[in-house]
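Here is what each chain is made of, one letter per residue.
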Amino acid sequence: MKKPDASRSKRTKRKQRDTHSHEKTLVAARFYYKGSRLKQLRAFCMIVKLGTLSRAAEALFLSQPSISLQLRALEAELGVALIERRRRRVAPTREGQTLYELALPVVEGLESLDRRFHARCKGLAGGELRIAAGATTGQYLLPPWIAAFRNRHPDVHVQVRSGVGSEGIAQLRADQVELAIGSLIDVPQDLAYEVLHSFDPILIMAPDHPLAHKAELRLEDLSAFGLILPPQRQTTFQLVDLVFQQRKVPFHVALEVGGWEVIKRHVAQGLGISVVPGLCMQDDDGVRLLARNVRALFPRRSYGVIMRKGRFLSTEARAFLDSLRPDLFTRRADGAGTGQSER
């Protein structure tokens, strides 16, 4: 009987080992490629968000050469330039902006997957909600909204950060907060704004003011008296200034003061008149102030929720929006609780 060829048997075993090893290598390479693409996209999104490679490297705890290599690899794979240098900062190209809008929800969704998974399994116990709000919304609108939300979800830690106008927008863009509550005149392209309430503009003055009993008020009538307004960076000042400029009517600001309650005190002392949103008027203000609706002169003020387009909302943020109005930002990425803006 012929004995099997020992060398042939060894060659067969070696071939089997090599085939198995090659398959393992392919599997490892495939998974490494997927992991590498996510790292590349994460690095790219951070570069666009922060504006420099060095700041992106610091945020991701990587070296700047590593960030640069990931960016170049991503550009090579896609065959386009994604970033262009502008003096000390970088900015996305047209193709880069398109990729950023597509990739950011994916990166944020994957990075928050564990937290959202456990939050979904456990409900909202132990979660966190971060909101930016200006002085007006923080004083007059937000307290009952927070109270209603906490009654339904007492274990969620709610953090309200002060953010007036551009400050709140900056916090949104930096992902320091998920939502902002406030008023916008112009809505930037990267933000979505849903109005919840609108209020008439109210002219307030001391009860003995010369305008107190004038039958019909014109913008020129207000021009003769000093206005007490919030600081120039705030929406109210900008709105009043815009109306006077459009009508080519001169006006002067007697005093810039922060906070509606402080403004009302100064007006009650006869130091000037003011145009305030109706939401800040209280029942007892009639004792010391005379109020006139001036909707015919100034536009109504809207207040609502602001979020960054494309941001994947946490379960806590989605629950808060649902407590305000269930249809807010209602294009949802999944069927139960998180979603992206449709605006």
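My aim in this report is to walk through the structure given alongside it, one point at a time. Predicted, not measured: the structure shown is a model, and the values here were computed from it. (Residues numbered from 1 in each chain as written. Predicted model: local features only at pLDDT ≥ 70, side-chain atom pairs only at ≥ 80, totals over all residues. Heavy atoms only, no water.)

Side note on the environment of leucine 74
The test is simple: Strands are runs of DSSP state E lasting at least 2 residues, helices are runs of H or I lasting at least 4, and numbering of each runs from the N terminus. Every residue pair with non-hydrogen atoms within 4.5 Å of one another is taken to be in contact.
Structurally, the position occupied by leucine 74 is in helix 3 (residues 64–78). Setting aside its immediate chain neighbours within four residues, leucine 74 contacts Arg37, Gln40, Leu41, Phe44, Leu82 and Leu99.

Brief notes about the packing of aromatic side chains
The cut-off we apply is this: Centres within 6.5 Å are what make two rings of Phe, Tyr or Trp a pair, Trp counting through its six-membered ring; a difference in plane orientation under 30 degrees is then read as stacked, over 60 as edge-to-face, and the rest as tilted.
Scanning the model with the defined rule gives four aromatic pairs in all. Grouped by ring-pair contacts, the aromatic residues Phe244, Phe251 and Phe298 constitute a single cluster.

Here we look at empty space enclosed by the protein
Operational definition: Definitions used throughout: a 1 Å grid over protein atoms alone; a cavity as a set of points that fits a 1.4 Å probe which cannot get out; a pocket as an open set with protein on both sides within 12 Å along at least five of seven lines; a lining residue as one with an atom within 4 Å of a point. Grid points are joined across faces, edges and corners, and a volume is the space filled by probe spheres set on the points. Under the convention adopted here, Pro, Cys and the residues Ala, Val, Leu, Ile, Met, Phe, Trp and Tyr are nonpolar, Asp, Glu, Lys and Arg are charged, and Gly plus all remaining residues are polar.
All chains considered together, the criterion is met by one cavity of 30 Å³ or more. The computed volume of the largest cavity comes to approximately 70 Å³. In the lining of the largest cavity, the residues fall into eight nonpolar, one polar and one charged.

Focus on the sheet that holds strand 6 (residues 191–199)
What counts, and what does not: Criterion used throughout: strands pair if DSSP finds at least two bridges between them. Orientation is described by axes fitted as lines to C-alpha atoms, over the contacting stretch for helices, and by angles from 0 to 180 degrees between their N-to-C directions.
One open sheet holds the five strands; their spatial order is 4-3-5-12-6, and the pairing between them is mixed. The open sheet terminates on both sides in strands that have one partner only, identified here as strand 4 (157–162) and strand 6. On average, each strand axis in the sheet is inclined to that of its neighbour by 20 degrees, with strand direction left out of account. Where strand 3 (residues 128–133) meets strand 4, six bridges bridge the pair, whose relative direction is parallel. By the bridge assignment for strand 4, isoleucine 131 is matched with valine 160.

Looking at unusual backbone geometry
Applicable threshold: Three exposure classes are used, based on accessible area relative to the maximum for each residue type with a 1.4 Å probe and protein chains only: buried under 20%, partly exposed in between, and exposed over 50%.
We note that phenylalanine 61 has phi near 60 degrees; this positive angle belongs to a residue other than glycine. Relative to the helices and strands, phenylalanine 61 resides in the loop between helix 2 (53–59) and helix 3. A relative accessible area of 75% means that phenylalanine 61 is categorised as exposed.

Points about the pattern of salt bridges
Counted only if it meets this: Whenever a carboxyl oxygen of Asp or Glu lies within 4 Å of a side-chain nitrogen of Lys or Arg, that contact is scored as a salt bridge.
All told, the structure shown has 20 salt bridges when counted by the stated rule. Of the charged contacts in the structure, one is a salt bridge between arginine 86 and glutamate 84, with a shortest N-O distance of 2.7 Å. Residues glutamate 261 and arginine 288 are paired through a salt bridge, measuring 3.8 Å at the closest nitrogen-oxygen approach. Taken together, the residues span a long stretch of sequence, with glutamate 261 in helix 10 (residues 260–268) and arginine 288 in the loop between strand 10 (274–277) and strand 11 (290–293) at a distance of 27 residues.

Remember that the coordinates give geometry; whether it matters functionally is a separate question.
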